[in-house]
Amino acid sequence: MASTLHHWCNGTSFEGTGGRFSDVTNPATGEVSAQLALASSEDVNTVVAAAAAAFPGWRDTSLAKRTQVLFAFRELLNARKPELAAIITAEHGKVLSDALGEVSRGQEVVEFACGIPHLVKGAFTENASTRVDVHSVRQPLGVVGIISPFNFPAMVPMWFFPIAIAAGNTVVLKPSEKVPTAALWMAQLWKEAGLPDGVFNVLNGDKVAVDGLLTHPDVASVSFVGSTPIARYVYETGTRHGKRVQALGGAKNHMLVLPDADLDLAADQAVNAGYGSAGERCMAISAVLAVEPVADALVEKIRQRTVGLRTGDGTRGCDMGPLVTAVARDRVAGYVDAGEAAGATLVVDGRAVQPDSEGEGFFVGPTLFDHVTTDMSIYTDEIFGPVLAVVRVGSYAEGVRLINENPYGNGTAIFTNDGGAARQFQNEVSVGMIGINVPVPVPMAYYSFGGWKNSLFGDSHAHGVEGVQFFTRGKVVTTRWLDPSHGGLNLGFPQNE
Ligand code: NAD
């Protein structure tokens, strides 16, 4: 019997009034594991009101006390992360080791946020003008909304909420309706860590919940991660309603392999980055640009590694799990059909995979195409599945041109032993995150994560110093203490003396 999952509001479970539900499914077996309550507009108002009510108290809580709660959350998370990883595997499908890796990368942002006293320190200038001092402070925004995608149920929310909370904001997290349990589990963990009720809330739902947050006058900012059309919509709607918005979108990440590269390393990394998490990563490699004359050798090395992978239930020690839903599985299989029909060479066909699982899971095995051309949909579209497309190019310059012509600009990688070529590459590609012999160059928590072009709307990347700036706003205070010779009336614009 499937359980029912609700919202989390003001430190406790909240049933809401929506009266609409969606299925939460285990993608490895196809079984429905829970019914998820979808928020109504009234529920949005209730949850935002709880967050707004908690804001003054949390904003005025000292940095020392706030960081104590963050350290406690970090300790609990570190001790119990296998529980969270198991939840992720059960709802997303990625294999357990990958789920654990996701939690660990999210935890790094919690650790970064523990340093918030240093990160929000202002500047002070003594005697900027005669007997005038100036100092700056950074203050929290208020209620901040976070809207996250299905593919990282724990890490993507953790790109934002540790910093938002540390900086003194209160949070409404709207997780993907496909994977809601991780958010509810983390809400419970915050409570155990001593976070006051109302500071961290979870609103489950679909477009109704998202639109409610985007238009609510008491929501100060929105941090969104998901597909490009929705990211653009969120950015445009949120900013139109006066909010600060960062909206991270989709991707089509290229890996450029130069002839001097270590081809075994490049093949290993193409497989890891193309098929890890069944290709459902915004930093997944999906196009391999092989510079001739090494394409034959590279494709053969990728093929050998691909056919050895074991696909199945993520709890069984497999290399790769299922796609998240039956719809996603059919969409990916449709792209494989289209690539074949368009004339690409299908080197490894994942449609016929025999997964190690029970039930009716949503599997497509690792799939490899060669001789892909840039007009094919397997090249132009974000497939978000385990499909690698090898495009043969004649030169470094042709590879860079393709990367720069792509409408997305999330991540890219070059494989080479030529330092000069790598240096030139990092300088001239229009992409936000670059790997040099590193296929999935996800920045550390103390740098900022974000792409260019259609991979990010807004001007603020996630976490790192940009994250701190996003969740705070600056104030500058100019002070003069009166002395016996104060200046009297002067209606001119203030000038420094
Ligand atoms: P999605 O855009 O379908 O959903 C993201 C969020 O938006 C979810 O919470 C969903 O409930 C909500 N949403 C969906 N449709 C909506 C609508 N019509 N109106 C309002 N809200 C809506 O994305 P997804 O399928 O969950 O995630 C996969 C996508 O996310 C891929 O495109 C991937 O590249 C991208 N992604 C990007 C990054 C990044 O850092 N750039 C990271 C992870 C995922």
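Per chain, residue numbering runs from 1 following the sequence as it is written. This being a predicted model, a pLDDT of at least 70 is required before a residue's local features are given, and a value of 80 or more before pairs of side-chain atoms are given or counted; all residues contribute to the totals for chains, interfaces and linings.

- Taking an unreviewed UniProt entry as the reference, the chain is identified by name as methylmalonate-semialdehyde dehydrogenase (CoA acylating) belonging to Microlunatus capsulatus.

**A word on the packing of helix α2 (residues 63–91) against helix α3 (residues 96–113)**
Logical step 1: Axis angles are defined between N-to-C directions and span 0 to 180 degrees, where every axis is a line fitted to C-alpha atoms and, for a helix, only to the segment in contact. By the criteria applied, helices consist of DSSP H or I runs no shorter than four residues and strands consist of E runs no shorter than two, each listed in order from the N terminus. At a closest axis distance of 8 Å, the pairing of α2 and α3 adopts a crossing angle of 160 degrees. On the basis of their axis angle, the class for α2 and α3 is roughly antiparallel. When you trace α2 past α3, the crossing you get is right-handed. In this structure, α2 uses Leu-70, Phe-73, Arg-74, Leu-77, Asn-78, Lys-81, Pro-82, Leu-84, Ala-85, Ala-86, Ile-88 and Thr-89 to contact α3, whose residues at the interface are Leu-96, Ala-99, Leu-100, Glu-102, Val-103, Gln-107, Val-110, Glu-111 and Ala-113.
Logical step 2: Tallied by class, residues from the contact of α2 with α3 come to 14 nonpolar, three polar and four charged. Angles below 35 degrees are treated as roughly parallel, those above 145 as roughly antiparallel, those between 65 and 115 as roughly perpendicular, and all remaining angles as oblique. Left-handed describes a crossing whose near helix is turned anticlockwise from the far helix through less than a right angle; right-handed describes the clockwise counterpart. By the convention adopted here, residues are in contact when the distance between their C-beta atoms, placed from the backbone, does not exceed 7 Å. As a working rule, the residues Ala, Val, Leu, Ile, Met, Phe, Trp, Tyr, Cys and Pro are called nonpolar, Asp, Glu, Lys and Arg charged, and the rest polar, with Gly in that last group.

**Focus: the pairing of strand β14 (residues 285–291)**
Logical step 1: Backbone-placed C-beta atoms define the burial measure: a residue is buried with 20 or more other C-beta atoms within 10 Å of its own, exposed with 12 or fewer, and partly exposed in between. The element β14 is largely enclosed, with a buried count of seven among its seven residues.
Logical step 2: Should DSSP find at least two bridges between two strands, the strands are regarded as paired. With five bridges joining them, strand β13 (residues 253–257) and β14 adopt parallel strand pairing. Counterpart to Met-255 in the pairing with β14 is Val-288.
Logical step 3: Following the backbone out of β13, through helix α9 (residues 263–275) and into the adjacent parallel β14, one traces a crossover that is right-handed.
Logical step 4: Pairing geometry for β14 and strand β17 (residues 387–393), over five bridges, is parallel. Note on handedness: a clockwise path from strand one over the helix to strand two, with the strands aimed away from the viewer, defines a right-handed crossover.

**Structural notes on the site of the ligand**
Logical step 1: Only the C-beta atom matters for nearness: placed from the backbone, it must lie within 6 Å of the molecule or strand for the residue to count as near. In the vicinity of the ligand lie 27 residues, with Pro-149, Gly-226, Ser-227, Gly-250 and Cys-282 positioned nearest.
Logical step 2: When the residues that make up the shell around the ligand are grouped by side-chain class, the tally is 12 nonpolar, 10 polar and five charged.

**Some thoughts on the sheet that holds strand β7 (residues 132–140)**
Logical step 1: Within the open sheet, the three strands sit side by side as β6-β7-β23. Their pairing is antiparallel. The sheet terminates laterally at β6 (124–129) and β23 (472–480), the two strands that pair on one side only. Averaged over all neighbouring strand pairs, the angle between strand axes comes to 30 degrees, with direction disregarded.

**Things to note about the UniProt feature "domain: Aldehyde dehydrogenase" (unreviewed entry) in the chain**
Logical step 1: UniProt positions are given in the numbering used here, feature names are shortened, and annotations may be inferred rather than shown by experiment. The UniProt entry lists residues 22–477 under the feature "domain: Aldehyde dehydrogenase" (unreviewed entry), expressed in the numbering used here.
Logical step 2: Taken as a whole, residues 22–477 contains 42% helix and 22% strand, while its terminal C-alpha atoms sit 50 Å from one another.

**Some words on the sheet that holds strand β4 (residues 20–26)**
Logical step 1: Pairing is mixed across the open sheet formed by three strands, whose spatial order is β1-β5-β4. The open sheet has two free edges, formed respectively by β1 (3–5) and β4, since each of these has just one partner strand. If you compare each strand with its neighbour and ignore which way they point, the axes differ by 35 degrees on average.
Logical step 2: As paired strands, β4 and strand β5 (residues 31–38) are joined by seven bridges and run antiparallel to one another. Across the sheet, residue Asn-26 finds its bridge partner in β5, namely Glu-31.

**Some points on helix α1 (residues 41–59)**
Within an α-helix, residues lying three or four positions from one another point in the same direction, as the helix has 3.6 residues per turn.
Logical step 1: Multiplying 1.5 Å by the helix residue count minus one yields the expected span of that helix. Along its 19 residues, α1 runs 27 Å from first to last C-alpha, staying within 8% of the 27 Å computed at 1.5 Å per residue.
Logical step 2: Every buried residue belonging to α1 is among Asp-43, Val-44, Val-47, Val-48, Ala-50, Ala-51, Ala-54, Phe-55 and Trp-58, and all of these are buried.
Logical step 3: Those residues of α1 hidden inside the fold are in contact with β2 (7–9), β8 (143–147), β9 (170–174), β10 (200–202), α7 (207–215) and β11 (219–225).

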